[in-house]
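Structural description and commentary
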Amino acid sequence: CDRFVLVSGDSDLVPAVSAVRQIAPSKTVTVYVPADNEVRGAAVELRGAAHKHKTLPSVLFSRTQLPPKVPNGAGGWIDKPPTW
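One structure accompanies this document, and this report is about it. (Residues numbered from 1 in each chain as written. Predicted model: local features only at pLDDT ≥ 70, side-chain atom pairs only at ≥ 80, totals over all residues. Heavy atoms only, no water.)

Under the criterion given, the structure shown has 1 salt bridge. D79 is paired through a salt bridge with K69; the nearest N and O atoms lie 2.7 Å apart. Taken together, the residues D79 in strand β5 (residues 77–79) and K69 in strand β4 (residues 69–71) connect sequence positions 10 residues apart. When its relative accessible area of 45% is taken as the criterion, K69 is described as partly exposed. (Salt bridge = Lys/Arg side-chain N within 4 Å of Asp/Glu carboxyl O. Helix = DSSP H or I, 4+ residues; strand = E, 2+ residues; numbered from the N terminus. Buried < 20%, exposed > 50% of the residue type's maximum accessible area, 1.4 Å probe, protein only.)

Attention now moves to the nonpolar core. Counting residues in hydrophobic clusters, the biggest one holds 9 residues: V14, V17, V29, V31, V33, A43, L46, A49 and A50. Those elements giving two or more residues to this core turn out to be α1 (14–23), β2 (28–35) and α2 (44–49). At 3 residues, β2 tops the list of elements feeding residues into this core. Setting aside anything within four residues of it in sequence, one finds V14 in contact with E45, L46 and A49. (Core = buried A, V, L, I, M, F, W, Y, C linked by side-chain atoms within 4.5 Å. Contact = heavy atoms within 4.5 Å.)

Turning next to the side chain of R47. Position of R47 relative to the elements: it lies in helix α2. If sequence neighbours within four positions are ignored, R47 has contacts with V33, G41, A42, H53, K54 and T55.

Our focus in this paragraph is the environment of V14. Along the chain, V14 turns up in helix α1. Looking at V14, the relative accessible area reads 18%, which means it is buried. Considering only alpha carbons, one finds V14 and P67, 53 residues apart in sequence, at a separation of 33 Å.

Turning our eyes to something else, we now look at the pairing of strand β1 (residues 3–7). Pairing between β1 and β2: 5 bridges, direction parallel. Bridged to R3 within β2 is T28. Following the chain from β1 across α1 to the adjacent parallel β2, one finds a crossover that is right-handed. (Pairing = 2+ DSSP bridges. Right-handed = clockwise from strand over helix to strand, strands pointing away.)

Along the chain, T30 turns up in strand β2. With 13 residues separating them along the chain, T30 and V17 place their C-alpha atoms 9.4 Å apart. Residues within four places of T30 in sequence aside, it is in contact with F4, V5, L6 and K52.

A surface patch of nonpolar side chains, amounting to about 250 Å² of accessible area, comprises V5, V7 and F61. Tracing the backbone shows V5 in strand β1. Accessibility expressed as a relative area gives 53% for V5, which makes it exposed. (Patch = residues over 30% accessible without salt bridge, like charges linked within 9 Å, V, L, I, M, F, W, Y side chains within 5 Å. Areas by Shrake-Rupley, 256 points an atom, 1.4 Å probe, with all protein chains shown as cover.)

In C-alpha cells:
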C-alpha cells in the first residue's frame, strides 16, 4: 500500500503508528479522529504520531451503517442492535 489510514482516537495505538512509520518510512500514516467536541477529539499523542490527522465528525457514522437487517447468507438475518 502507499498510505495507511487509521480511524481512532485511542492513544493505545500510538506505538503501532510509530512502528509503521519506522518500518515503512516512505509510507504516509493519516489518522482520522472521530469526535463530537474538541476535548474528546484532542487525541494529541495519536495525532502527533501520524504524518497527517483530521477530525471525523461523528454525525457521518449514521450515513455509513448497514441497514437494520442484513442477510446472513444461510437464509436468516442479522439484526442491528437498537442502540446503534
